[in-house]
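Structural features, examined
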Amino acid sequence: MEIGKMYINGKWVDSGLHKESINPADGSVAGLACEGSPKDVDAAVAAAAAAFPAWSALPVTERANFLFKIANRIEELAEDFALIDTFDNGKPLRDSLGDAYDSAACFRYYAGLIDKPSGGTYLVPDPNTQALTVREPIGVCGQIAPWNYPLMMAAWKIAPCVAAGNCTVFKPSSLTPLSSIKLFELFDELGLPPGVANLVLGSGQTVGRSIAEHPGIDKVVFTGGTDTGREIMRSAAETIKGVGLELGGKSPMIVFGDYDIDTAVDWALFAAFCNQGEVCSAGSRLILDEAIYDPFLEKLAARANAIKLAPGDEEGAEMGPLVSESHMNSVLAKIDAAKKEGAKLICGGDRVYDGKLKNGYFVAPTVFADCAPDMSIVQEEVFGPVLAVQKFKTEDEAVELANGTVFGLAGGVFSNDITRALRVVKKIRAGITWVNSYHPTFSQAPWGGYKQSGIGRELGVYGLEEYTEVKQININLVPGPVGWFK
């Protein structure tokens, strides 16, 4: 089996230490990848620092041309990328194929954005001074991606970073490194200058920590769990480097009684169980109007029980396995905790062993009803196919429940009364919200959360600005002595 290597300074590097990447659908080996070390991070940082002056000085049209070529090649190889992510992560092929096209769209968006107006001019009190601002690249960025959207999270990070003129030291999750390796093969094929994009593989405890602590890295960007985000902030504080964090969520979906139940049930399933529920912005808390509570739950349980669990490459697969055995056990432990705390289980709640699923890490779509605000299933992120349902009487109560966690990543409101929907969604303390919809994501719009769901934004113009510094320039229009000292 071919070994996936690291890519540092335009060369493929084999550390000699290899790790199996497991297909969670059946426990088989999906591929082999190197395990890097802090020395590999040192080499990648040095390469990025050396490449930065020339890359940042390259005309934006030339940088854009690289990104356009990358986007085109990802589209041409979309099915290959999709199969890799399906075997490495477990998600259904329809999901991973969509991820591939979204990744291409992200590179294309930033290729088209970077030659647009930037900075500004200012009218200051001194008529003889022209003040203006420009945006400049930060330098060397360390980027750490999660395992739930392997290719797409790489695109979200690398595209705006290099588009802005920075160089990257990129680390994918050690659970799902294979599509990132293929992406860097594409960079190599297209002639991206050595050192602009460097791939270091390995665990968060070694390579990830080294990236966060490295004095040669000017900004570290991380997507993943909130606890890890705290560690990265502590590590980054030692060198006062910039930090961008997209962390956990426990996002609410509020449904008012005037909305069509069948349509809302359909959206609730999508919000909670899309990508096996392994989504930071998953609608993992359903907040229901008491007027529709019982009939809604009956329809929800019936639909959830009908979801087709299967290996991701099987025709008609609607939900795949969880990413790893350890993560599956973590999800099952949180399900057991909810049962012990008194949440009412209305469907799912167990690992699924049937037939061809017996060696995979499959968990049935799980719904808990009658959940109290202080239950762990309401307060803690599960990151799996588990939905907690709460009941409300009034609009104010719905808002209070929605805002009743330390997280603030996403939220949705469903109502035929659009003024009420907008009024409520504006009260939700979250960075990404939807009205009569859930989950649609676009490269053009910013992504990020409030409270303990993170710092900064990805995507859109905001996502590009995260990879820049703002410089103020003041020009004296009437040169001459200042005369301050006689």
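It should be noted that the structure appears before, not after, this text.
If you're wondering where the values come from, they're calculated on a predicted model, not measured in any experiment. (Residues numbered from 1 in each chain as written. Predicted model: local features only at pLDDT ≥ 70, side-chain atom pairs only at ≥ 80, totals over all residues. Heavy atoms only, no water.)

1. Side note on the overall build of the chain
- When you go through the chain residue by residue, the secondary structure sums to 15 helices and 23 strands.
- Here the C-alpha atoms of the chain give a radius of gyration of 24 Å, agreeing with the 23 Å that 2.2 N^0.38 yields for 486 residues.
- Taken over 486 residues, the chain has a buried fraction of 54%.
- Pairs at least 24 residues apart make up 72% of the contacts formed inside the chain by residues separated by at least 6 positions.
- Taken as a whole, the chain presents about 20100 Å² of accessible surface, with 54% of it coming from carbon and sulfur.
- Of the side-chain charges in the chain, 43 are positive and 60 negative, and the distance between the mean point of each set is 4 Å. (Helix = DSSP H or I, 4+ residues; strand = E, 2+ residues; numbered from the N terminus. Rg over C-alpha atoms; globule rule 2.2 N^0.38 Å. Buried < 20%, exposed > 50% of the residue type's maximum accessible area, 1.4 Å probe, protein only. Contact = heavy atoms within 4.5 Å. Areas by Shrake-Rupley, 256 points an atom, 1.4 Å probe, with all protein chains shown as cover. Lys, Arg positive; Asp, Glu negative; His and termini not counted. Charge placed at Lys NZ, Arg CZ, Asp CG, Glu CD.)

2. Structural notes on the sheet that holds strand E1 (residues 3-4)
- Spatially, E1-E5-E4 is the arrangement adopted by the 3 strands of the open sheet, whose pairing is mixed. Each edge of the sheet is formed by a strand with only one pairing partner; in this case those strands are E1 and strand E4 (18-22).
- Relative to strand E5 (residues 29-34), E4 runs antiparallel, the two being bridged by 5 bridges. Bridged to isoleucine 22 within E5 is valine 29.
- Taken strand by strand, helix H6 (residues 178-190) contacts E1, E4 and E5, and its axis lies near 60° from that of E5. (Pairing = 2+ DSSP bridges. Axes fitted to C-alpha atoms, helices over the stretch in contact; angles between N-to-C directions.)

3. As for unusual backbone geometry
- Its identity as a non-glycine residue notwithstanding, asparagine 436 has a phi of 55°, on the positive side.
- Position of asparagine 436 among the secondary structure elements: in the loop between strand E20 (432-435) and strand E21 (450-451).
- In the Ramachandran plot, leucine 459 falls in the positive-phi region, its phi being about 70° despite a non-glycine side chain.
- On the secondary structure map, leucine 459 appears in the loop between strand E22 (454-455) and helix H15 (460-465).
- Its relative accessible area of 1% is what places leucine 459 among the buried residues.

4. Structural notes on helix H8 (residues 226-237)
- Along its 12 residues, H8 runs 17 Å from first to last C-alpha, staying within 8% of the 16 Å computed at 1.5 Å per residue.
- Tucked inside the fold, the buried residues of H8 contact strand E8 (140-144), helix H7 (204-213), strand E11 (219-223), strand E12 (242-246) and strand E18 (407-408). (Expected span 1.5 Å × (residues − 1).)

5. Focus on the nonpolar core
- If you look at the biggest cluster of nonpolar residues, it comprises 123 residues, and the most contacted ones within it are Phe107, Tyr110, Phe187, Leu286, Phe296 and Leu300.
- Counting residues per element, this core draws most heavily on helix H5 (residues 150-163), which supplies 11 residues.
- Contacts of phenylalanine 296, omitting those with residues within four sequence positions, involve Val255, Ile261, Ala264, Val265, Ala268, Leu286 and Leu288.
- Counting 17 residues, the second largest nonpolar core, distinct from the first, contains Leu322, Met328, Leu332 and Ala338. (Core = buried A, V, L, I, M, F, W, Y, C linked by side-chain atoms within 4.5 Å.)

6. Points about a nonpolar patch on the surface
- Nonpolar side chains collect at one region of the surface, where Ile475, Leu477 and Val478 lie side by side and expose about 260 Å² of accessible area between them.
- Residue position: isoleucine 475 is located in strand E23 (residues 468-476).
- Overall, isoleucine 475 belongs to the partly exposed group, its relative accessible area being 40%. (Patch = residues over 30% accessible without salt bridge, like charges linked within 9 Å, V, L, I, M, F, W, Y side chains within 5 Å. Salt bridge = Lys/Arg side-chain N within 4 Å of Asp/Glu carboxyl O.)

7. Remarks on the sheet that holds strand E13 (residues 252-255)
- Here 7 strands make up an open sheet; going across it, the order is E15-E16-E17-E14-E13-E19-E20 and the pairing mixed. Both edges of this open sheet fall to strand E15 (344-347) and E20, since each of them pairs with a single strand only. Looking at each pair of strands side by side, their axes are set apart by 20° on average, direction ignored.
- In terms of strand pairing, E15 meets strand E16 (residues 366-369) through 3 bridges, oriented antiparallel. Among the inter-strand pairings, leucine 345 is bridged to a residue of E16, identified as phenylalanine 368.
- Helix H9 (residues 261-273) contacts E13, strand E14 (285-289), E16, strand E17 (386-392) and strand E19 (410-414) of the sheet and is inclined by roughly 175° relative to E13.
- Where helix H11 (residues 325-341) meets the sheet, its contacts fall on E15, E16 and E17, and the angle it forms with E16 comes to roughly 25°.

8. Concerning the pattern of salt bridges
- Taken as a whole and judged by the stated rule, the model has 20 salt bridges.
- Aspartate 115 serves as the salt-bridge partner of lysine 116, at 2.8 Å between the closest nitrogen and oxygen.
- Given a relative accessible area of 43%, lysine 116 falls into the partly exposed group.
- On the accessibility criterion, aspartate 115 (46% relative accessible area) is partly exposed.
- As a salt-bridge pair, glutamate 465 and arginine 135 come within 3.7 Å of each other at their nearest N and O atoms.

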